[in-house]
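Tertiary structure, described
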Amino acid sequence: MLSKSLDENIKQLESLFEGCGDFVKRMIPIGENRDIKIYVAYIDMLVSRNILDGHVLSQLMLFMWQTPPKPEAIKRDTLNTIRDSGVTTADLRETDNMGEMASAILSGDTVLMAGDSDRALIIATREMPNRGVGSAETEVAVQGPKDAFTEIMRFNTMLVRRRIKDTHLKVKQLVAGKRSQTSIAVMYLDELVRPQVLEECLNRIGAIDIDAVLDVGYVEQLTADNWMSVFPQAEITERPDKASAAILEGRVAILVDNSPFAMIVPATLSTFFQASDDYYQNWQIMSFTRFIRYAAGLMAVCLPGLYLACALYHPSMIPTLLAYKMAAARQAVPFPALAEIMLMDLAFELLREAGIRLPGPIGNSLGIVGGLIIGQSAVEAGLVSPIVLIIVALTAISGFAIPHVSLVNGLRLSKYVIIAGSWLLGLLGFWIGALVLLIRLVSLKTYGFPYLFPFVAGEVNDYSDIKDTLFRAPLFKMKKRPIFAKSVGDRVHAEPHEKE
Amino acid sequence: MLFLNNKASARQMQMLLMLDIFGAGIVMLPRKAAQYAGNGAWLIVLVMGIAAALIAFLLGTAGKYYREGESFVDAAQRLLSKPVGAALGLLISLKLMFNCVLELSRFGGVVNEKLLRQTPFWVICAVMLAVSSYAASKGYETRARLAQVLFYIVFVPFIFVFVLAMRDVEFENLVPMMSISPGDILKGAAQMGSSLTGLELILLCQPYAAKRVALRSKLIHAVLFIGCVMVFTTIVTYARFGETITQLKYPVLDMMDTTDIPGAFIERQDALMMSFWILSNFAIVNGCMFFSSIVLKDVIKKGRHSIYIAASAVAVFAAVCLLNHEDIDRLIDMVYYTLGAGFLVIVPLIMIISGAARATRKAAMR
């Protein structure tokens, strides 16, 4: 709590910021006799100089000197007088709490204390360095908006609000991280969001107890339903159009200050196969693309295991000519089939990791050169057979066909379960591995929704969610909102006119 | 809540039941039926299907006397006295464990013969038992959702291949159609009943229904669907192989192997069929493990479900290892004629009579 003594308050505030070289403070005398002191404090470079100089300091120094308020008025209630005549910005609030003051200063606001008032003004002056709204890098779309979220949370909420001009779009502001005091914005449409989902979401964020929340990934991990699962339980996107679409489906978007990504909950497996441009193009081609993506997902998990099962245990399943070719290619290879697969897989994982860490152009070159040269050399040296190279390459390419990296990562790890099963027990092991994964998937729930919805339990919403899974129905046919939303009417209000 | 924990929708229960029944005896049913009735095999399978639907009606009616939240053991204890209810619980749990042992042994034998000749029999059984127990430990809701995925993986390719197989069959093999007397048809149908191992699960699964309205008719539809699939399978298989079917150990697998799928490049289709069979066998073993352990828990009324699953799994595995595999078919029939018949007909009938008598008495008192 603040005291009535300005000196004491200053002493207390400065003791909190002791040793902080970027802490800026200034004492300004005002009034006819310049006998009333006001104290201004902020953190350098976190504030907007334009607002601070133009709307606060120049006002105080020039205007109040030129046309000073009556001495008795200023003596009676200094802070109110300053608020009414000395500051020309609308965004300000009062506080009597030292902790709140310190927190505001750290967030880029300016604190003003005056005379013998036991309250202080917090003036919104925050303006942090930013790189502006850039274009999406990890979720590139052929058609559709190019803008992407940025590190400034307020920019991100603006990018969503620009798309949903509805007063029902609510932004609930929370803070997490004991030391980082990171701002978190929870965005939703109050007419559509299910109250249980929203409540659960707010409770989970409220329960975060950690020193710092440095990225939305922290929130994702700390609010997940099942921390043991390798499958993502929240959708992470850098695209405002995608976040907006999710909000319009009754889902909740979570934005974290300093993170250029939004987290969307609830998320089910099918949502990870959806990309934003799926809805911007013709439904026939996008249905085809969807089907390809699901097939790619299956291949990313199953292909190496299936190859092992056939090559090691059931070669008679393979067409005779192909079996001969495979056997001939494998003749010179000194390693067993499992070692071959694992060797190439390891090489690919190394290339992937190195490609990410290296700067853009070098990373791309490394991918191409490394992939080509290592693959070709490994085959020529007789370390692996060409078929294994094809299998590993196909598996990797399949992973890239899925729009969400987090799902690809889950599939990358899952494939080893199937590889192990197939290596040990052939086709039986393959199916046992697949069953283990399936059991994990069907028993997983996110915010109460089955992870495999609508492939399982689809009847709850009359199977209407199926229209946006393996294929994408025409927009006007997807009338009913997805299961995530409260049922408050359809999302498509009329069908397009048909020409006679 | 939108999605109820440990409950299943009627659709999910239908799929679960179809998988449970289908997994049991389909690979051998056409041979067994043909051995008994020759070209009239499909007739006894048809009558067996109709009888199964009647039994499903009986089991579904018994389920109507369960109170909300009551399990089979609770209902039996209330309707037939506590000791009788507990004894019935123990018996059905034992019966399901027997089923598990026999199905696993049969499964291990077929996989050993068709897929993994070098792998020890007990390894095959242990792996299947472990994954089935794992699924059982996840609860009924997980089982129900699994069924919704497995149903399509099992039935769609199976029916697809059999429809294709119809191009190469000789339906003359099925004539003359009524070469077997009605009495023999009924007798044969009763004998083939052992292929419907999962049927008694209707008695146990009803408390897990999210909504019990019209549940009985939906379960009967499921049984009828499986009956139709079995009749269709028997007709096509017999029409393809004729009388030689009696010499084939697994005619359905041979059928898959010899069916020419246009454009397919897989050489051994029976291995593919084995894949579907692995999944349906998983369904029945998993069902038996789940219910045998949960019924045991309901009787003892102590401890966690997972402990009972682990204990049941150990017992089942020990029995699988000790069993003489030559006796499997005989044992399946023995269990079917004793405990099976009891739980399919006698127990539900007694429960219905007791439930109806109590309801009448209550109405009279009012």
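Residues numbered from 1 in each chain as written. Chains lettered and ligands numbered in written order. Predicted model: local features only at pLDDT ≥ 70, side-chain atom pairs only at ≥ 80, totals over all residues. Heavy atoms only, no water.

Focus: unusual backbone geometry
Residue and element names in this part refer to chain A. In this model, valine 265 is joined to proline 266 through a cis peptide bond whose omega is -10 degrees. Tracing the sequence through the fold places proline 266 in the loop between strand E10 (262–265) and helix H10 (283–312). With an omega of 5 degrees, the peptide bond between phenylalanine 453 and proline 454 qualifies as cis. Position of proline 454 among the secondary structure elements: in the segment after strand E12 (449–450). Backbone geometry at methionine 45 places phi at a positive 70 degrees, although glycine is not the residue there. Here methionine 45 is to be found in the loop between strand E2 (36–43) and helix H2 (49–66). The class for methionine 45 is exposed, based on a relative accessible area of 55%. Phi at glutamine 181 takes a positive value of approximately 45 degrees, unusual for a residue other than glycine. Residue placement: glutamine 181 occurs in the loop between strand E6 (169–176) and strand E7 (182–189). (Helix = DSSP H or I, 4+ residues; strand = E, 2+ residues; numbered from the N terminus. Buried < 20%, exposed > 50% of the residue type's maximum accessible area, 1.4 Å probe, protein only.)

Some words on the nonpolar core
All names here are of chain B. By size, the foremost hydrophobic cluster in this structure holds 176 residues, and its most contacted members are Phe72, Leu199, Phe291 and Met351. Considering every element that reaches this core, the biggest residue donor is helix H12 (residues 269–300), with 19 residues. Ignoring any residue separated from it by four or fewer positions in sequence, one finds phenylalanine 291 in contact with Leu96, Tyr140, Arg143, Leu201, Leu204, Cys205 and Tyr208. (Core = buried A, V, L, I, M, F, W, Y, C linked by side-chain atoms within 4.5 Å. Contact = heavy atoms within 4.5 Å.)

Focus: the pattern of salt bridges
Residues and elements named next belong to chain A. Applying the stated criterion across every chain yields a total of 36 salt bridges over all chains. For glutamate 151, the salt bridge goes to arginine 131, with nearest N and O atoms at 2.9 Å. Taken together, the positions of glutamate 151 in the loop between strand E5 (120–123) and helix H6 (153–161) and arginine 131 in the loop between E5 and H6 put the pair 20 residues apart, joining distant regions of the chain. Residue arginine 131 is classed as exposed on the basis of its relative accessible area of 51%. For arginine 179, the salt bridge is made with aspartate 211, and the minimal N-O distance between the two is 4.0 Å. Residue arginine 179 is found in the loop between E6 and E7, and its partner aspartate 211 is found in the loop between helix H7 (195–206) and helix H8 (216–222); the two are separated by 32 residues along the sequence. Looking at aspartate 211, the relative accessible area reads 44%, which means it is partly exposed. Where salt bridges share partners, they join Arg83, Asp84, Glu94, Asp118 and Arg119 into one cluster. (Salt bridge = Lys/Arg side-chain N within 4 Å of Asp/Glu carboxyl O.)

Observations regarding the packing of aromatic side chains
Applying the stated criterion across every chain, the model contains 25 aromatic pairs over all chains. Arranged with centres 6.4 Å apart and planes meeting at 50 degrees, the rings of Phe231(A) and Tyr451(A) form a pair that is tilted. One end of the pair, Phe231(A), is in the loop between H8 and strand E8 (235–237); the other, Tyr451(A), is in the segment after E12, and 220 residues separate them in sequence. As far as the burial class goes, Phe231(A) and Tyr451(A) line up, both buried. Taking 5.9 Å as the distance between ring centres and 65 degrees as the angle between the ring planes, the aromatic pair formed by Phe155(B) and Phe225(B) counts as edge-to-face. Placement of the pair is Phe155(B) in helix H7 (residues 140–165) and Phe225(B) in helix H10 (residues 215–241), with a sequence separation of 70 residues. Take Phe155(B): its relative accessible area is 2%, and that puts it in the buried class. By way of ring pairs, the aromatic residues Phe22(B), Phe151(B), Tyr152(B), Phe155(B), Phe158(B), Phe162(B), Phe225(B) and Phe232(B) are connected into one cluster. Across the ring face of Tyr447(A), the terminal group of Arg204(A) is positioned such that the distance to the ring centre comes to 4.1 Å. (Phe/Tyr/Trp six-rings, centres within 6.5 Å; stacked < 30°, edge-to-face > 60°. Lys NZ or Arg CZ within 6 Å of the ring centre and 35° of its normal.)

Focus on helix H2 (residues 29–37) of chain B
Residue and element names in this part refer to chain B. With seven of nine residues buried, H2 is to be regarded as a mostly interior element. Turning to H2, its buried residues are Leu29, Pro30, Arg31, Lys32, Ala33, Ala34 and Ala37. Of the residues flanking the end of H2, it is glycine 38, one or two places downstream, whose phi is positive at about 60 degrees.

Notes on the domain arrangement of chain A
Residues and elements named next belong to chain A. Domain parsing of chain A yields domain 1 (6–123), domain 2 (153–267) and domain 3 (290–450). Averaged C-alpha coordinates put domain 2 and domain 3 at centres separated by 34 Å. Between domain 2 and domain 3, the residue contacts involve 20 residues of the former and 14 residues of the latter. Buried area between domain 2 and domain 3, summed over both chains or domains, comes out near 1,500 Å², and the portion from carbon and sulfur atoms is 68%. Where domain 2 meets domain 3, there are zero salt bridges. Inspection of the region where domain 2 meets domain 3 yields four residue pairs in polar contact (both at pLDDT 80 or more). For the side of domain 2 that touches domain 3, the leading source of residues is H7, giving four residues. Residue composition of the side of domain 2 that touches domain 3, grouped by class: ten nonpolar, four polar and six charged. (Domains from an automatic or database assignment. Buried area = accessible area lost by both parts, 1.4 Å probe. Polar contact = N/O pair within 3.5 Å; in protein donor to acceptor, adjacent residues only side chain to side chain. Nonpolar A, V, L, I, M, F, W, Y, C, P; charged D, E, K, R; others polar.)

Some details on empty space enclosed by the protein
All names here are of chain B. This model, assessed by the stated rule, comprises nine cavities of 30 Å³ or more. A volume near 180 Å³ is recorded for the largest cavity. Here the lining of the largest cavity is composed, by residue class, of six nonpolar, six polar and nine charged. The biggest single contributor to the lining of the second largest cavity is helix H14 (residues 328–365), with five residues. (1 Å grid on protein atoms, 1.4 Å probe; cavity = no way out; pocket = protein on both sides within 12 Å on 5 of 7 lines; lining within 4 Å. Points joined across faces, edges and corners; volume = space filled by probe spheres on them.)

A short note on the interface of chain B and chain A
A common measure of how large an interface is: the accessible area buried when the components associate. Contact with chain B, which involves 38 residues of that partner, is made by 36 residues of chain A. When chain B packs against chain A, close to 3,200 Å² is buried across both sides, 74% of that on carbon and sulfur atoms. Between chain B and chain A we count one salt bridge in total. One salt bridge connects Glu141(B) with Lys445(A), and the closest N-O pair in it is separated by 3.1 Å. Every element with two or more residues in the side of chain B that touches chain A is listed here: helix H1 (10–25), helix H5 (82–114), helix H6 (121–137), H7 and H12 of chain B. If one sorts the elements of the side of chain B that touches chain A by residue count, H7(B) sits on top with eight residues. Residues of the side of chain B that touches chain A, tallied by class, amount to 25 nonpolar, seven polar and six charged.

Some points on the confidence of the model for chain A
Overall, the prediction assigns chain A a mean pLDDT of 88, with 95% of residues at 70 or greater. When pLDDT is averaged over each element of chain A, strand E9 (residues 252–256) of chain A comes out on top at 97 and helix H3 (residues 71–76) of chain A at the bottom at 68. (pLDDT = per-residue confidence, 0-100.)

Considerations on the confidence of the model for chain B
All names here are of chain B. Per-residue confidence for chain B gives a mean pLDDT of 87, with 97% of residues at or over 70. Mean pLDDT across the elements of chain B ranges from a minimum in helix H11 (residues 251–258), with 80, to a maximum in H6, with 95. ipTM for the predicted complex: 0.91, alongside a pTM of 0.87.

Some remarks on the packing of H2(B) against helix H8 (residues 182–192) of chain B
Residues and elements named next belong to chain B. Between H2 and H8, the least distance of the axes is 10 Å, while the angle of their chain directions is 150 degrees. Classified by the interaxial angle, the pair formed by H2 and H8 is roughly antiparallel. H2 and H8 meet at a crossing whose hand is right-handed. Taken together, the residues of H8 that come into contact with H2 (itself represented by Leu29, Lys32, Ala33 and Tyr36) are Asp184, Lys187, Gly188, Gln191 and Met192. In terms of residue class, the contact of H2 with H8 is made up of four nonpolar, two polar and three charged. (Axes fitted to C-alpha atoms, helices over the stretch in contact; angles between N-to-C directions. Parallel < 35°, antiparallel > 145°, perpendicular 65-115°, else oblique. Left-handed = near helix turned anticlockwise from the far one by under 90°.)

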